[in-house]
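Observations on the model geometry
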Amino acid sequence: MCIFIFSLPAKLINGGIAGIIGVTCVFPIDLTKTRLQNQRNGQQIYKSMWDCLRKTIRSEGYFGMYRGVAVNLTLVTPEKAIKLAANDFFRQHFSRDGKKLTLVKEMLSGCGAGTCQVIITTPMEMLKIQLQDAGRLGIYTAAYNVGPVLVTQKLSATQIASELLRTEGVKGLYKGLGATLLRDVPFSVIYFPLFSNLNKLGMSSADGKAPFLHSFLAGCTAGCTAAVAVNPCDVIKTRLQSLNKGANEEAYSGIIDCATNIWKKEGPSAFLKGSVCRALVIAPLFGIVQVVYFLGVGEAVVEFV
């Protein structure tokens, strides 16, 4: 019999703590991924991940690698909390009959989790990408007309969000929603069942828990596999959500237009841009997430309160 003891507040706390720790550790590689994915053929500033990191530090300093981290840390707590808690919720729902979860039900649980998280993921990614790609484009300030005076301010997530809300309304923050769903739903469908089954291999019959290291490696393996599998969708999402373009960089009208143009002008290999970086981001991120999640910090906090 498969029984889930579900505590929503505890799951939210666990997901939030795990997300903050994970993002802090891997953000520079995530920034590199965004810049590599936005490069077009013939306009390549960076030759590789290491070249991107080196040039970023040289031109923008050490903290340049953390451009956009504030918005990510602010929103990653609800994002990861929703994703992990939703997966547990759906798994509990599908196991109410007392039967063992089938692979199909595990995949449906992941699908539900991926769908729920985009309400936070889309605006978070939208703002983060503008800040991450600013260094590649050399955009560090935003100009505003205030009466007869042109005011220049340092580019920030708050300014970008305010401008989008003023000009396009809430839908401006949700540009690329379809592409985000196209990436996050398949990712969760692959990740959660794979992690669950890999983690089960290390569980002992005594307490039903896998060792610390095993959970970490299971999270890394499942995260890496899912990340590479959906990388083409991530490239499309990144391109669609990039508001500022370099010289001769075209805008796209939608997912199909973006995918078609990338295929014609850059070839199929363009869909794998940043895949190594993405794997290096997601693998440790979800390894850390799952370990913190399974340590049960949230349960301890809820019980204490």
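I will try to describe carefully the structure that is included in this document. Values in this document were obtained by computation on a predicted structure and should not be read as measured data.

Calculation rules
- Residues numbered from 1 in each chain as written.
- Predicted model: local features only at pLDDT ≥ 70, side-chain atom pairs only at ≥ 80, totals over all residues.
- Heavy atoms only, no water.
- Helix = DSSP H or I, 4+ residues; strand = E, 2+ residues; numbered from the N terminus.
- Buried < 20%, exposed > 50% of the residue type's maximum accessible area, 1.4 Å probe, protein only.
- Contact = heavy atoms within 4.5 Å.
- Axes fitted to C-alpha atoms, helices over the stretch in contact; angles between N-to-C directions.
- Left-handed = near helix turned anticlockwise from the far one by under 90°.
- 1 Å grid on protein atoms, 1.4 Å probe; cavity = no way out; pocket = protein on both sides within 12 Å on 5 of 7 lines; lining within 4 Å.
- Points joined across faces, edges and corners; volume = space filled by probe spheres on them.
- Nonpolar A, V, L, I, M, F, W, Y, C, P; charged D, E, K, R; others polar.
- Phe/Tyr/Trp six-rings, centres within 6.5 Å; stacked < 30°, edge-to-face > 60°.
- Expected span 1.5 Å × (residues − 1).
- Salt bridge = Lys/Arg side-chain N within 4 Å of Asp/Glu carboxyl O.

A closer look at the environment of Cys 258
Within the element layout of this structure, Cys 258 appears in helix α10 (residues 255-266). Of the residues examined, Cys 258 reaches a relative accessible area of 0% and is grouped as buried. Separated by 120 residues in sequence, Cys 258 and Gly 138 have C-alpha atoms that sit 24 Å apart. Residues within four places of Cys 258 in sequence aside, it is in contact with Ile 236, Arg 239, Leu 240 and Tyr 252.

Re the packing of helix α8 (residues 212-229) against helix α11 (residues 275-295)
The geometry of a pair of packed helices is captured by two quantities: the angle between their axes and the separation between those axes. Two numbers describe how α8 lies on α11: the axes approach to 7 Å, and their chain directions differ by 145°. Where α8 crosses over α11, the handedness of that crossing is right-handed. Contacts between α8 and α11 involve Phe 212, Ser 215, Phe 216, Gly 219, Cys 220, Gly 223, Cys 224, Ala 227 and Val 228 from the first element and Ser 275, Arg 278, Ala 279, Ile 282, Ala 283, Pro 284, Phe 286, Gly 287, Ile 288, Gln 290, Val 291 and Leu 295 from the second.

Here we look at empty space enclosed by the protein
On inspection of all chains with the given rule, the structure shows two cavities of 30 Å³ or more. The computed volume of the largest cavity comes to approximately 280 Å³. Elements with a minimum of two residues in the lining of the largest cavity: α1 (8-38), α3 (69-94), α4 (103-137), α7 (177-200) and α11. When grouped by side-chain class, the residues that make up the lining of the largest cavity number ten nonpolar, three polar and ten charged. Estimated volume of the second largest cavity: approximately 30 Å³. Lining of the second largest cavity is provided by Ile 129, Gln 130, Asp 133, Leu 137, Ser 242, Leu 243 and Asn 244. Looking at the lining of the second largest cavity, its residues break down into three nonpolar, three polar and one charged.

Some remarks on the packing of aromatic side chains
Enumeration over the complete set of coordinates arrives at ten aromatic pairs. Ring centres of Tyr 191 and Phe 192 lie 5.1 Å apart, and the angle between their planes is 75°; on these two criteria the pair is classed as edge-to-face. Tyr 191 gets classed as buried once you look at its relative accessible area, which sits at 0%. Looking at Phe 192, the relative accessible area reads 4%, which means it is buried. Their ring planes at 55° and their centres at 4.6 Å tell us that Tyr 191 and Phe 286 sit as a pair that is tilted. Of the two residues, Tyr 191 sits in helix α7 while Phe 286 sits in helix α11, which places them 95 residues apart along the sequence.

Some remarks on helix α2 (residues 49-60)
Here α2 is twelve residues long and its end C-alpha atoms lie 16 Å apart, about the 16 Å a rise of 1.5 Å per residue gives. Taken together, the buried positions of α2 are Met 49, Asp 51, Cys 52, Leu 53, Thr 56 and Glu 60.

What about the pattern of salt bridges?
In a structure, side chains of opposite charge can pair up when their charged atoms sit close to one another. Evaluated as defined, the whole model comprises 17 salt bridges. With a closest N to O distance of 3.4 Å, Arg 91 and Glu 106 form a salt bridge. Of this pair, Arg 91 sits in helix α3 while Glu 106 sits in helix α4, and the two are 15 residues apart along the sequence. For Arg 91, a relative accessible area of 9% translates into the label buried. Linking Lys 128 and Glu 125 is a salt bridge whose minimum nitrogen-to-oxygen distance equals 2.9 Å. Within this pair, Lys 128 and its partner Glu 125 are both found in helix α4, separated by three residues, close to a single helical turn. The pair Lys 128 / Glu 125 is uniform in exposure class, with both members buried. Beyond isolated ion pairs, a larger network of salt bridges with shared partners links Asp 30, Lys 33, Glu 125, Lys 128, Arg 183, Asp 184, Asp 234 and Lys 237.

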